[in-house]
Amino acid sequence: MVDELTLQAVYAARHAIAGYVRRTPLIRSEALSARTGRAVYLKLENQQETGAFKVRGAANRLLALTPEERAAGVVTVSTGNHGRAVAWVGRRLGMRVVVCVPELVLPHKVAAIRRLGAEIVVHGANQDEAEVHALALAGKQGLTLISPFDDPWVIAGQGTIGLEVLEELPDATTVVSSLSGGGLLGGIALAVKAVNPAIRTVGVSMERGPVMIESLAAGHPVQLPEEPTLADSLMGGIGLDNRYTFDLIRRTVDDTVVLSEAEIAAAMTYALREERQIVEGGGAVALGAVLHEKTPLVGDNIVVILSGGNVDMGKLIALAQED
Ligand SMILES: *Cc1c(COP(=O)(O)O)cnc(C)c1O
């Protein structure tokens, strides 16, 4: 299975999705460079289409569907960045996109998905029940279920970030990224390690429910209770039946870090104040790991992935005023 996870697959993804995603800027952070005594660069996926990197994986997955699958449409259960990405790419491809949501999902999230042209199906008391319903719908209506991370095309799509980084910074020495299901960091690590195995890869999660990190410690996928966190886009499990990302992360990631809520808040306000970047909690944790010196930095060229910018503006302003 892991054979599909190759540098070649990432290049194929790069070719396939080129017309659908932005090549995001890689900018030097003067503030973090001065602070660490190394050159620190920020990869601005908060400026990606739909406000997060997930459109890369979603585009690669939807473009890989057979003509029959494309005609039937796709289904997902995410109302977050993955759902937005699938809806956005689906609309560009003229496809049917169904998003299954539990009854208590926040109305503004549903509205945002609807604006992107997706159909909303409300079912179940929680995320798990919505997921069961999505699977049933997939079976009944011939829809393809699009995983947010545990899929080789999705992983290869996220890996295109690694290619872009190396094209602009061939002597990158460390890459720090947020880590949840592992599609993002797994894809990036796959790409950069294939080019230079010495590049250090670091994954960052929140203290409140770091499922992949706990799974690595246990040696198998585990489940944790969900807790509210500023890094809401990193919430959720890795699947007890995880097929790809658990092994990929175990093979390719050198260090993992967890951040407290206060450290995540500080990273978000630092990004705003010092870098003039709007970054959501889940998108700021890699910056937080460098800011709070949570991981040894190796070499002189440090790359920090800012993975998303979909934050409630009132919340971000409130955090900045408290700080
Ligand atoms: C989904 C997401 C992540 C985590 O990606 P995984 O592939 O699940 O590890 C990080 N940041 C943002 C903004 C996200 O939306």
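Residues numbered from 1 in each chain as written. Predicted model: local features only at pLDDT ≥ 70, side-chain atom pairs only at ≥ 80, totals over all residues. Heavy atoms only, no water.

Trainee: Help me out: how do you make sense of the environment of L259 in this one?
Mentor: Positionally, L259 belongs in strand β9 (residues 255-259). The class of L259 is buried, set by a relative accessible area of 0%. In this structure, the C-alpha to C-alpha distance between L259 and V303, residues 44 residues apart in sequence, is 18 Å. Those residues in contact with L259, other than ones at most four positions away along the chain, are V204, S205, M206, E207, I264, V285, G288, A289 and K294. (Helix = DSSP H or I, 4+ residues; strand = E, 2+ residues; numbered from the N terminus. Buried < 20%, exposed > 50% of the residue type's maximum accessible area, 1.4 Å probe, protein only. Contact = heavy atoms within 4.5 Å.)

Trainee: What's the story with the site of the ligand in this structure? I'm lost.
Mentor: The ligand sits among 16 residues. The nearest are K54, N81, G181, G182 and S307. At 2.8 Å, a side-chain N or O of N81 approaches an oxygen atom of the ligand. Backbone polar atom of G183 to an oxygen atom of the ligand: 2.9 Å apart, as the coordinates give it. About the coverage of the ligand: the protein hides 98% of its 380 Å² of free accessible area. Residues of the shell around the ligand, tallied by class, amount to four nonpolar, ten polar and two charged. (Near = heavy atom within 4 Å. Polar contact = N/O pair within 3.5 Å; in protein donor to acceptor, adjacent residues only side chain to side chain. Areas by Shrake-Rupley, 256 points an atom, 1.4 Å probe, with all protein chains shown as cover. Nonpolar A, V, L, I, M, F, W, Y, C, P; charged D, E, K, R; others polar.)

Trainee: Would you mind showing me how to read the side chain of K43 here?
Mentor: Tracing the backbone through its elements, the reader meets K43 in strand β2 (residues 39-44). In terms of polar contacts, K43 uses its side chain to reach the side chain of E164, at 2.6 Å. When sequence neighbours within four positions are dropped, the list of residues in contact with K43 reads T24, P25, L26, R56, I161, E164, V165, V304, I305 and L306.

Trainee: For this particular structure, what's the right way to read the packing of helix α12 (residues 261-275) against helix α14 (residues 313-322)?
Mentor: Each pair of packed helices gets described by two things: the angle between the helix axes and the distance between those axes. The N-to-C vectors of α12 and α14 enclose an angle of 95°; their axes lie 9 Å apart at closest approach. Considered as vectors, α12 and α14 are oriented roughly perpendicular to each other. Residues A265, M268, T269, L272 and R273 of α12 pack against L316, L319 and A320 of α14. Split into classes, the residues belonging to the contact of α12 with α14 amount to six nonpolar, one polar and one charged. (Axes fitted to C-alpha atoms, helices over the stretch in contact; angles between N-to-C directions. Parallel < 35°, antiparallel > 145°, perpendicular 65-115°, else oblique.)

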